[in-house]
Each structure stands twice: as structure tokens, then as C-alpha cells.
Amino acid sequence: MTSMTDTKPKKLAVNNNNSIGSRTFDTLNVVALVGLALITTLPLLYVLAASFAGEPEIASRPFFLWPEKIVTESYEYIFATPTFVRALLTTVIVTAVGMVVQVLLTFTMAYPLAKRYLPGRILVLNLIIFTMVFTGGMIPTYLVVRDLGLLDSYWALILPLAINPFYLIIVKSFFQELPQALEEAARIDGCNEMGVFFKIVLPLSKPIIATFSLFYAVGIWNDYMSPLLYISDPNKWTLQILVRQLINTDAANALAQMDRTWVPPEQGLKFAVIVIATLPILFFYPFLQKHFAKGVLIGGVKE
């Protein structure tokens with residue numbers, strides 16, 4: 001009979017992770033991941049190397065990861081061209097303003113929908129879910145933007161995509177998981193709903209705010225369909241439209257008419273513009289990556 005005072009911990013069985021099947025799986029997993037990494041990174045490395053190469057080398061070598069001679073004329077010419085500088089500043093401003101507007105609208109709509117006592121809450125949620133499956137389409141959306149007088153306006157790049165329904169559902173789920181006692185204590189201290197939202201809820205939502213701020217910013221930065229549809233003034237082009245026009249060789253004459261100092265782009269200019277358009281997103285991702293899993297997983301917790 002075992003003594004009542006015998007508190008010696010029992011040894012747990014340890015699984016043998018060094019079996020042949022486990023090693024085989026790990027090896028195949030590593031090979032597959034390395035292959036996917038190479039497929040993803042090699043084109044990026046080629047574009048980066050080609051942006052520092054001369055035109056003869058780009059034409060003679062179909063693929064390389066390091067140029068024979070580093071040439072910086074493409075970058076010097078790009079930053080000396082008013083067309084590119086204007087497009088870059090336009091994209092930065094539209095991305096910053098659009099991110100703030102979209103995050104604010106998403107969070108202010110998700111907060112009341114997280115309250116189960118809100119009248120008509122289920123109907124609104126069903127309408128939001130409906131928009132995740134069915135959309136109005138390109139032509140009806142264009143007609144709405146036109147009738148609102150937003151053509152050739154930067155607001156046409158922000159407002160039609162102001163609230164992502166999938167992001168809204170995740171944020172709503174996150175708000176439902178916040179301790180209700182904190183909100184009740186704030187109301188007892190005299191805070192109204194807006195005070196509770198800005199003083200209590202938002203400070204507790206920093207991980208998910210960082211996550212969806214970056215999601216919205218990346219979406220605006222990489223969006224070229226909206227400027228293509230709604231912006232006809234070349235002086236209001238965003239960076240992605242400029243990249244598209246550079247890649248499209250038929251647009252060289254249009255660029256030359258827009259900026260008399262512009263020379264029809266060569267291959268080096270195309271690669272350099274692509275690099276500059278990609279670097280800001282690649283730069284910010286590592287700093288905010290730690291918030292991704294935390295923000296999304298917290299928002300996906302069920303009651």
C-alpha cells in the first residue's frame with residue numbers, strides 16, 4: 001500500500017522523437033520549406049540585382065543574383081525625376097490617411113456590434129457576412145463613386161474599401177473577450193460610451209490595432225486597381241500605377257508627355273522602381289510581425 005506521505009513525482013514516459021518516420025518527416029518538411037523559400041526569394045533577388053546592373057548585362061544575362069558591375073544611374077535618375085517623387089509622396093500620404101480612416105471606422109463599428117444588448121445587432125452582422133460572399137461588382141462600385149463625385153479624388157482610393165468585413169468580424173470577437181468589469185468600472189467613474197472606448201478599450205487593443213493597421217496599409221500601398229479605375233489625372237498617379245505604366249512599354253509616350261524631362265524607361269529603371277515600391281513593406285514587416293499572431297489569434301478566441 002502506498003504511503004500517504006509518498007509525494008515522490010512519477011517519471012512520465014518520454015516519446016522517442018528520433019524514430020525513422022519522424023526524421024523522414026522533418027527532412028521532407030525542411031526540403032519543402034527551403035524549396036518554397038527559394039521560389040519566393042530568388043525572383044526578388046534577381047530584381048534587386050538587375051536594378052543595379054547595366055542595360056547590356058540585363059539583355060545578355062537571363063538570370064543572375066549579382067551584377068558584374070554595380071550601376072546606380074537608375075536610382076539616381078528616378079529620384080531626380082519629379083514624376084516618381086510625386087507618385088511616391090502621393091502613395092505615402094494616401095496610405096497613411098487611408099490606414100487611419102479605415103482602422104478608425106472598423107474599430108468604431110466593431111465595438112457596438114460586440115455588445116449583445118445592441119438592438120438589431122444580429123441583422124447588421126448578417127448583412128456584414130452577406131457582403132463577404134456577395135459584392136456589388138466593379139461597374140456598380142464605379143457608378144457609386146462617380147455619383148458621389150469622388151472621381152479623380154484620393155478619397156476614391158480610401159472610402160470604397162474603408163471597412164473589410166472579415167477584419168471587422170475578428171475585431172468584434174476581440175472586443176467581446178475584453179473584461180466587462182473594466183468597462184463597468186469606467187462607467188461608474190462617469191465615463192460615457194465614447195470615453196470607455198477611447199480610454200479603456202483602445203489602450204487594451206494595441207496588438208490588434210498594430211496588426212490590422214499594417215493589413216490596411218499594405219492593402220492601400222499595393223492597390224493599383226482603384227487608382228486605375230478612379231484616377232485619370234496623371235499628376236495624381238500612385239506609385240503602383242507608375243510601376244504598371246513603366247512595365248507597360250506602350251505607356252512610355254504618356255509618361256514622356258506628362259514630364260518633358262522623362263526619358264522612356266529602360267529595363268534598369270523598371271527593376272529599380274519595383275524595388276523601391278516593395279522595400280517599404282518589407283522594411284516594416286519584421287518590426288510588426290510579432291503582433292500578427294497575437295492580434296489575430298486573440299481576435300479569433302471563442303467564448
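The present account deals with the structure reproduced in this document.

Rules used in this analysis
Residues numbered from 1 in each chain as written. Predicted model: local features only at pLDDT ≥ 70, side-chain atom pairs only at ≥ 80, totals over all residues. Heavy atoms only, no water. Salt bridge = Lys/Arg side-chain N within 4 Å of Asp/Glu carboxyl O. Buried < 20%, exposed > 50% of the residue type's maximum accessible area, 1.4 Å probe, protein only. Helix = DSSP H or I, 4+ residues; strand = E, 2+ residues; numbered from the N terminus. Phe/Tyr/Trp six-rings, centres within 6.5 Å; stacked < 30°, edge-to-face > 60°. Lys NZ or Arg CZ within 6 Å of the ring centre and 35° of its normal. Contact = heavy atoms within 4.5 Å. Core = buried A, V, L, I, M, F, W, Y, C linked by side-chain atoms within 4.5 Å. Patch = residues over 30% accessible without salt bridge, like charges linked within 9 Å, V, L, I, M, F, W, Y side chains within 5 Å. Areas by Shrake-Rupley, 256 points an atom, 1.4 Å probe, with all protein chains shown as cover.

Looking at the pattern of salt bridges
Between side chains of opposite charge, a pair can form as their charged atoms come close.
Alright, step 1. For the structure shown, the criterion picks out five salt bridges.
Alright, step 2. For Arg-61, the salt bridge goes to Glu-68, with nearest N and O atoms at 3.9 Å.
Alright, step 3. A relative accessible area of 66% means that Glu-68 is categorised as exposed.
Alright, step 4. Close ionic contact of Lys-115 with Glu-183 constitutes a salt bridge, the shortest N to O distance being 2.5 Å. Separated by 68 residues along the polypeptide, Lys-115 in the loop between α4 (82-113) and α5 (121-133) and Glu-183 in helix α8 (residues 180-188) bring together distant segments of the chain. By the burial criterion, Lys-115 is buried, and Glu-183 matches it.

Some words on the packing of aromatic side chains
Alright, step 1. Tallied over the entire structure, the rule returns 17 aromatic pairs.
Alright, step 2. Here Phe-107 and Phe-175 contribute two aromatic rings whose centre-to-centre distance is 5.8 Å and whose plane-to-plane angle is 75°, an arrangement assigned as edge-to-face. Of the two residues, Phe-107 is situated in helix α4 and Phe-175 in helix α7 (residues 165-177); the sequence distance between them amounts to 68 residues. By the burial criterion, Phe-107 is buried, and Phe-175 matches it.
Alright, step 3. Relative to Phe-175, the ring of Phe-174 lies with its centre 5.9 Å away and its plane at 55°, an arrangement referred to as tilted. Grouping residues by exposure puts Phe-174 and Phe-175 together as buried.
Alright, step 4. A cation sits over an aromatic face here: Lys-236 above Tyr-154, 6.0 Å from the ring centre.

Considerations on the environment of Ile-78
Alright, step 1. Looking at the element boundaries, Ile-78 is found in helix α3 (residues 73-79).
Alright, step 2. Ile-78 sits in the buried class, given a relative accessible area of 2%.
Alright, step 3. Spatially, the C-alpha atoms of Ile-78 and Leu-269 are 7.3 Å apart, while their sequence positions differ by 191 residues.
Alright, step 4. Residues within four places of Ile-78 in sequence aside, it is in contact with Phe-84, Val-85, Leu-269, Ala-272, Val-273 and Ile-276.

Section: unusual backbone geometry
Alright, step 1. Phi is positive for Asp-152, which is not a glycine, with a value near 60°.
Alright, step 2. A relative accessible area of 25% means that Asp-152 is categorised as partly exposed.

Some points on the nonpolar core
Alright, step 1. One finds Phe-64, Ile-78 and Phe-84 to be the most contacted residues of the largest nonpolar core, which totals 27 residues.
Alright, step 2. Contributing elements (two or more residues each) for this core: α1 (20-51), α3, α4, α10 (206-222), α12 (239-247) and α14 (267-299).
Alright, step 3. In contact with Phe-84, other than residues within four places in its own chain, are Ile-78, Phe-79, Leu-239, Leu-242, Val-273 and Ile-276.
Alright, step 4. Core analysis: the second largest hydrophobic core is formed by 23 residues, Val-103, Leu-168, Ile-170 and Ile-208 among them.

Some details on a nonpolar patch on the surface
Alright, step 1. A contiguous nonpolar patch, built from Met-138, Ile-139, Tyr-142, Leu-143, Tyr-224, Met-225 and Leu-228 and spanning about 640 Å² of accessible area, is present on the exposed surface.
Alright, step 2. Listing elements by their share of the nonpolar patch, those giving two or more residues are α6 (138-147) and α11 (225-230).
Alright, step 3. Among the elements that make up the nonpolar patch, the one with the highest residue count is α6 (four residues).
Alright, step 4. Summarising the element assignment, Met-138 is placed in helix α6.

Comments concerning the side chain of Thr-90
Alright, step 1. Structurally, the position occupied by Thr-90 is in helix α4.
Alright, step 2. Judged by its relative accessible area of 10%, Thr-90 is buried.
Alright, step 3. When near neighbours in sequence (up to four residues on either side) are disregarded, Thr-90 contacts Tyr-154, Lys-236, Trp-237 and Thr-238.

On their own, these measurements won't tell you what the molecule is for.
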